[in-house]
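# Descriptive analysis of the structure
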Amino acid sequence: MARRSAADAAETRRTLIDVGTRLFAEQGYAAVTAEALVAEAGVTRGALYHHFPDGKPGLFEAVYREVLQRLDDA
């Protein structure tokens, strides 16, 4: 099995953050499951935990930090 490149890993992380941003905004944190996140992102649950070791809470923190950064930049 070939290892993924750093660019592939960055793209997977970006996809998870983008999907998380949308689903958390549409449904709220509590209503979004890890299974829904990975299904919508088209990745495995292992990919979620690779990029965010805490899983859904870690992804939410990354989304939160990015939203705060966007607000600060604006």
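Use the structure listed above.
A brief report on the enclosed structure follows. (Residues numbered from 1 in each chain as written. Predicted model: local features only at pLDDT ≥ 70, side-chain atom pairs only at ≥ 80, totals over all residues. Heavy atoms only, no water.)

Once that is clear, we can look at the packing of helix α1 (residues 6–27) against helix α4 (residues 56–73). Here α1 crosses α4 at 85°, and the two axes come no closer than 9 Å. Taken together, α1 and α4 sit at an angle that is classed as roughly perpendicular. On α4, the residues touching Arg13, Arg14, Leu16, Ile17, Gly20, Thr21 and Phe24 of α1 are Lys56, Leu59, Phe60, Ala62, Val63, Glu66 and Arg70. A per-class count over the contact of α1 with α4 returns 7 nonpolar, 2 polar and 5 charged. (Axes fitted to C-alpha atoms, helices over the stretch in contact; angles between N-to-C directions. Helix = DSSP H or I, 4+ residues; strand = E, 2+ residues; numbered from the N terminus. Parallel < 35°, antiparallel > 145°, perpendicular 65-115°, else oblique. Contact = heavy atoms within 4.5 Å. Nonpolar A, V, L, I, M, F, W, Y, C, P; charged D, E, K, R; others polar.)

Running from N to C, α1 and helix α2 (residues 34–41) point in directions that differ by 125°, and their axes come no closer than 9 Å. By the angle class used here, α1 and α2 are oblique. α2 is crossed by α1, and the crossing has right-handed handedness. The segment α1 lies against α2, with Thr15, Leu16, Val19, Gly20, Arg22, Leu23 and Phe24 engaging Ala36, Leu37, Glu40 and Ala41. Of the residues that constitute the contact of α1 with α2, the class distribution is 7 nonpolar, 2 polar and 2 charged. (Left-handed = near helix turned anticlockwise from the far one by under 90°.)

Within this model, the largest pocket holds a volume of roughly 200 Å³. Tallying contributions element by element places helix α3 (residues 45–51) first for the lining of the largest pocket, with 4 residues. (1 Å grid on protein atoms, 1.4 Å probe; cavity = no way out; pocket = protein on both sides within 12 Å on 5 of 7 lines; lining within 4 Å. Points joined across faces, edges and corners; volume = space filled by probe spheres on them.)

On to the packing of aromatic side chains. Taken as a whole, this structure holds 3 aromatic pairs when the rule is applied. Here the aromatic rings of Tyr29 and Phe60 are separated by 5.0 Å at their centres, their planes lie at 65°, and the arrangement is edge-to-face. Placement of Tyr29 in the loop between α1 and α2 and of Phe60 in helix α4 is noted, with a sequence separation of 31 residues between them. Relative accessible area serves as the criterion here: at 32%, Phe60 is assigned to the partly exposed category. (Phe/Tyr/Trp six-rings, centres within 6.5 Å; stacked < 30°, edge-to-face > 60°. Buried < 20%, exposed > 50% of the residue type's maximum accessible area, 1.4 Å probe, protein only.)

Interpretation note: all reported values are geometric properties and have no functional meaning in isolation.
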